[in-house]
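Survey of secondary and tertiary structure
Take a look at the letters that make up each chain.
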Amino acid sequence: WMNLVHLLLRSARWLPDRPALALGRTPVRSYREMASRVTRLAGGIRHRLNIEPGERVALAMKNCVEFYEVLFACWHAGITAVPMNAKLHPKEFAYILENSGAKACFASPDLAAAIPNAIGVEERLLGEETPPADVRPEDPAWLFYTSGTTGVPKGAVLTHRNMLFQTHAYFADIDKLSAGDTALHPAPLSHGSGLYGLPHFAAGALNVIPESGSFDPAEIFELLDYWPGSSFFAAPTMIVRLLSSPAARAPQKLKTITYGGAPMYVADSLRAIELFGPRLYQLFGQGEAPMTITGLPQVFHELKQKLETCGLARTGVEVKVFDENDRELPPGEVGEVVTRSDCVMAGYWNNPEATARALRGGWLHTGDIGSLDAEGFLTLKDRSKDLIISGGANIYPREVEEVLLR
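Residues numbered from 1 in each chain as written. Predicted model: local features only at pLDDT ≥ 70, side-chain atom pairs only at ≥ 80, totals over all residues. Heavy atoms only, no water.

**Overview of helix H5 (residues 160-174)**
Helix length check: H5 (15 residues) gives 21 Å between terminal C-alpha atoms against 21 Å at 1.5 Å per residue, within 8%. Among all positions in H5, only His160, Asn162, Met163, Phe165, Gln166, Thr167, Ala169, Tyr170, Asp173 and Ile174 are buried. (Helix = DSSP H or I, 4+ residues; strand = E, 2+ residues; numbered from the N terminus. Expected span 1.5 Å × (residues − 1). Buried < 20%, exposed > 50% of the residue type's maximum accessible area, 1.4 Å probe, protein only.)

Written out as structure tokens, the structure reads:
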């Protein structure tokens, strides 16, 4: 039996006075205060909103302190959270709400108008403190809706076991954390940045929400100079914007930048190493195996080696490359990247056909095209649908882009 809320409650027991959440430079919740609010909000969700364990509650929230309070309150009550990207169109919000069967939706003030009957985190919702719900490892914790670039979004069912595995993998592969460390959240909490708050809560560290609630390079450089042991997750485009910002400087208190979600060109990786030092960790993951398929450790950035790859299989993760008949290919051969681990989703919400396709043979078929070298380093070519065929030959757009960048 496990419930992700214990990552927070455990830290609140042994580090009650440490700051858990900050807005910009200002701490706003200690671990004691956050745990109390989460526990009381869980009671309010259960008894004032009449939502039962196993049901769904959606989050349409710009990055804000309340996001993590609602997220942990859902888990405390045994409810599945459905975080939604704050940049979605109202029609996309409506689709996810209907598809997930969410019984309620919490929205930050800027998004309330886009969602009928959305509610905010108000004092009237705080009920009595109640014990956390007992949940099974295979119970859904987070419905992660994919971007829908190849059709309507699908909800990847991430279980408590999936997300605990992802948290342990952070400690094993990326960083050792302590209560004196800090996570900055300039990227959306509904995606990778939100997931990487979990290891920081588990360590009693501080999670910082930028006052802008979004990504502003000048603001990030200021926070990196202010908070000790700072780490953050970024998409490659964010790193490029940091490098080109007039505020760009070598941060004195930076610990780790984890980046992924799209290709990172070698030229940009080298520029990032020049500014930030060997503090970068590249990862390959997707919503169906959150943040945890392969990774390129900091040592390879320091050596400036293997930067064109996305690293090796993460701890406890298997990665292979299959042909169109789901047969394993030898090193150097290009095919579909597949993975299996305790991080792989349980399936797609209410979509057995898509689940059967994606998880056939016991492997998650990522839809990404790549190859493994003899040492086990994975190089991605492109999405399976991003393919140019010229004169009978397959050309991957990334190969053209790399040449253009030179």
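**Re the state of the cysteines**
For the structure on display, the rule yields 0 disulfides. You can see Cys74 has no disulfide; the closest cysteine sulfur is in Cys105, sitting 10 Å from it. Looking at Cys74, the relative accessible area reads 0%, which means it is buried. In this model Cys310 remains outside any disulfide bridge; the closest cysteine sulfur is found in Cys343, 15 Å from its own. (Disulfide = S-S within 2.5 Å.)

**What about the pattern of salt bridges?**
Using the criterion set out here, one finds 20 salt bridges in the structure. Among the salt bridges present, the one from Lys306 reaches Asp373, with a minimum N-O distance of 3.0 Å. One end of the pair, Lys306, is in the loop between helix H11 (298-303) and strand E14 (312-313); the other, Asp373, is in the loop between strand E18 (364-372) and strand E19 (378-383), and 67 residues separate them in sequence. What makes Lys306 partly exposed here is its relative accessible area of 21%. With relative accessibility at 25%, the residue Asp373 sits in the partly exposed group. Here Glu328 makes a salt bridge to Lys320, at a shortest N to O gap of 3.4 Å. Look at Lys320 and you get partly exposed, because its relative accessible area is 22%. By sharing partners, the salt bridges in this structure join Arg29, Arg37, Glu69 and Glu123 into a single network. (Salt bridge = Lys/Arg side-chain N within 4 Å of Asp/Glu carboxyl O.)

**Overview of the packing of helix H9 (residues 236-244) against helix H10 (residues 266-276)**
Angle between the axes and distance between the axes: these two values describe a pair of packed helices. At a closest axis distance of 10 Å, the pairing of H9 and H10 adopts a crossing angle of 55 degrees. What the angle tells us is that H9 and H10 run oblique. Between H9 and H10 the crossing geometry is left-handed. Counted together, Ile239, Val240, Leu242, Leu243 and Ser244 of H9 and Asp268, Arg271, Ala272, Leu275 and Phe276 of H10 form the full contact between these two elements. Of the residues belonging to the contact of H9 with H10, the class tally is 7 nonpolar, 1 polar and 2 charged. (Axes fitted to C-alpha atoms, helices over the stretch in contact; angles between N-to-C directions. Parallel < 35°, antiparallel > 145°, perpendicular 65-115°, else oblique. Left-handed = near helix turned anticlockwise from the far one by under 90°. Contact = heavy atoms within 4.5 Å. Nonpolar A, V, L, I, M, F, W, Y, C, P; charged D, E, K, R; others polar.)

**A few points about the sheet that holds strand E9 (residues 206-209)**
Across the sheet, which stays open at both edges, the 9 strands sit in the order E2-E1-E9-E8-E10-E11-E12-E13-E14 with mixed pairing between neighbours. The open sheet has two free edges, formed respectively by strand E2 (26-30) and E14, since each of these has just one partner strand. (Pairing = 2+ DSSP bridges.)

**So, the pairing of strand E13 (residues 289-296)**
Within E13, 8 of the 8 residues are buried, which leaves it mostly tucked inside the rest of the structure. Across 4 bridges, the pairing between strand E12 (residues 280-286) and E13 is antiparallel. Of the residues in E13, the one forming a bridge with Gln282 is Leu296. With antiparallel pairing between neighbouring strands as the criterion, E12 and E13 make up a hairpin whose turn holds 2 residues. Alignment of E13 against E14, held across 2 bridges, turns out to be antiparallel. Note on E14: the bridge partner recorded for Gly295 is Leu312.

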